[in-house]
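Listed below are the residues making up each chain.
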Amino acid sequence: MKNENLKNLKIEKENIISEKQNLPQNIPESKKKNTVKRKKYNNNLYLYAQIIVAAIFIVTGIMLKSSGGTAYNELKEDYAQFFNSENVYESNFSYSSFLSNISEDIREKYNKFMEAMTHIYGKGSSGDVPTNVSMKKYIPEEKGIRPVNGYISSPFGSRVDPFNKKKKDFHTGMDIAAAKGTFIKSAFGGEIIETGYSDTAGNYIKVKNNEEQQTLYCHTQFVFVNKGDKVLKGQIIATVGNTGLVTGPHLHIEVMYKGNKVNPIYTVE
């Protein structure tokens, strides 16, 4: 009797093991197909992601090479030095400096593009150029700096009136769009000869750079200087705002040379 019980227990154990081994074979065909599809979908997703990343690198490389900028050449030299070095930890390659070079190249190309657009659309005609404006290209002996980090939203010259789309307007300065509160730096050194508020210009600052040149900063939020203060090139003088007659936060900068307003794009780097 005892032998029979042991025999039955052994048979039951073998059946349980057999059922466990055969369990995957009992999965319905529909579930098997879904599992296969899911695996294929995941594999395809990874493949597509790799293709997209590779394409981005290829396109970026082609653009940098065709642009003729310094970033591509420096990247190529740094990578060559990196892989030829016996100790890779001694490499001078820096992703931060590489990205900085790219941004400088893009900014330079953008400035040249804006200059071209200014020539095409900003020349105006004899009938719409104000009498206190000079269309001659004025380049100071020492260029100033870009007063705020942002993009040129409206260049110097003829344009459609932003407040009346049916009319044309002559823009006597250059608008640089930036977030409200962004620091504004003095493009040139000089003396503050006027600060104040007007319904059109909002909070403004006028700086005398020398006997022939002045700069005007408009629509500021906060002003950090007073009349009579001496300022250096690059010194923070205000923050970007939307005071006065505006459609959004930006800096309006004007450059006056010998009493005439000139295109600021040629006066700053």
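Scroll up to find the structure.
Trainee: Go over the overall build of the protein with me, naming the residues and quoting the values.
Mentor: Assigned secondary structure in the protein consists of four helices and 12 strands. Residue burial in the protein is summarised as follows: out of 269 residues, 31% are buried. Restricting the contact set of the protein to residue pairs at least 6 apart, pairs at least 24 apart contribute 63%. As displayed, the protein offers around 18200 Å² of accessible surface, 55% of which is attributable to carbon and sulfur atoms.

Trainee: Explain unusual backbone geometry to me, using residue names and the numbers behind them.
Mentor: A positive phi angle is found at His219, which is not glycine, with a value near 65°. With respect to the secondary-structure elements, His219 resides in strand 8 (residues 213-223). Phi at Lys258 takes a positive value of approximately 55°, unusual for a residue other than glycine. Among the structural elements, Lys258 can be located in the loop between strand 11 (250-257) and strand 12 (260-262).

Trainee: Quick one: what's the story with the packing of aromatic side chains, residue by residue and with numbers?
Mentor: Counted according to the given criterion, the structure contains two aromatic pairs. Seen in terms of ring centroids, Phe156 and Phe170 are 5.5 Å apart; in terms of plane orientation they differ by 85°. Their pairing is edge-to-face. With a gap of 14 residues between them, Phe156 in the loop between strand 1 (151-154) and strand 2 (157-160) and Phe170 in strand 3 (residues 168-171) connect regions that are remote in the sequence. For the pair Phe156 and Phe170, a shared accessibility class is recorded, and that class is buried.

Trainee: Please give an account of the pairing of strand 7 (residues 202-208) that cites residues and values.
Mentor: With respect to burial, strand 7 is a largely interior element, five of its seven residues being buried. As paired elements, strand 6 (residues 190-198) and strand 7 share seven bridges and run antiparallel to each other. Each bridged residue has a counterpart across the sheet, and for Glu191 the counterpart in strand 7 is Lys208. Between strand 6 and strand 7, which pair antiparallel in sequence order, lie three residues. Two successive antiparallel strands, strand 7 and strand 8, enclose a turn made up of four residues.

Trainee: Which residues make up a nonpolar patch on the surface, and what are the values?
Mentor: On the surface, Phe183, Phe222, Phe224 and Ile236 cluster together into a nonpolar patch covering about 400 Å² of accessible area. Relative to the assigned elements, Phe222 resides in strand 8. Residue Phe222 is classed as partly exposed on the basis of its relative accessible area, which comes to 48%.

Trainee: Describe the environment of Gly150, with residues and values.
Mentor: Here Gly150 shows up in the loop between helix 4 (95-121) and strand 1. In this structure the C-alpha to C-alpha distance between Gly150 and Ile176, which are 26 residues apart in sequence, comes to 5.8 Å. Not counting chain neighbours up to four residues away, the residues in contact with Gly150 comprise Ile176 and Ala177.

Trainee: Please provide a residue-by-residue account of the nonpolar core, values included.
Mentor: Ile184, Ile205, Tyr217 and Ile237 are the most contacted members of the largest nonpolar core, which has 22 residues in total. Those elements that place two or more of their residues in this core are strand 4 (174-177), strand 7, strand 10 (236-240) and strand 11. Element by element, the count of residues in this core is highest for strand 10, at three residues. Membership of the second largest hydrophobic core comes to five residues, among which are Tyr204, Leu216, Cys218 and Met256.

Trainee: Go over the pattern of salt bridges, please, and point to the residues and values.
Mentor: Side chains that carry opposite charge are capable of pairing whenever their charged atoms lie near each other. Enumeration over the complete set of coordinates arrives at six salt bridges. Taking the shortest distance from any N to any O, the salt bridge between Asp175 and Arg159 comes out at 3.8 Å. Here Asp175, found in strand 4, pairs with Arg159, found in strand 2; they are 16 residues apart in sequence, far enough to count as distant. Residue class for Asp175 comes out buried when judged on its relative accessible area of 8%. Lys208 is the salt-bridge partner of Glu211, the closest N and O atoms lying 3.5 Å from each other. What you see here is one network of salt bridges that share partners, running through Arg159, Asp169 and Asp175.

Rules of the game
Residues numbered from 1 in each chain as written. Predicted model: local features only at pLDDT ≥ 70, side-chain atom pairs only at ≥ 80, totals over all residues. Heavy atoms only, no water. Helix = DSSP H or I, 4+ residues; strand = E, 2+ residues; numbered from the N terminus. Buried < 20%, exposed > 50% of the residue type's maximum accessible area, 1.4 Å probe, protein only. Contact = heavy atoms within 4.5 Å. Areas by Shrake-Rupley, 256 points an atom, 1.4 Å probe, with all protein chains shown as cover. Phe/Tyr/Trp six-rings, centres within 6.5 Å; stacked < 30°, edge-to-face > 60°. Pairing = 2+ DSSP bridges. Patch = residues over 30% accessible without salt bridge, like charges linked within 9 Å, V, L, I, M, F, W, Y side chains within 5 Å. Salt bridge = Lys/Arg side-chain N within 4 Å of Asp/Glu carboxyl O. Core = buried A, V, L, I, M, F, W, Y, C linked by side-chain atoms within 4.5 Å.

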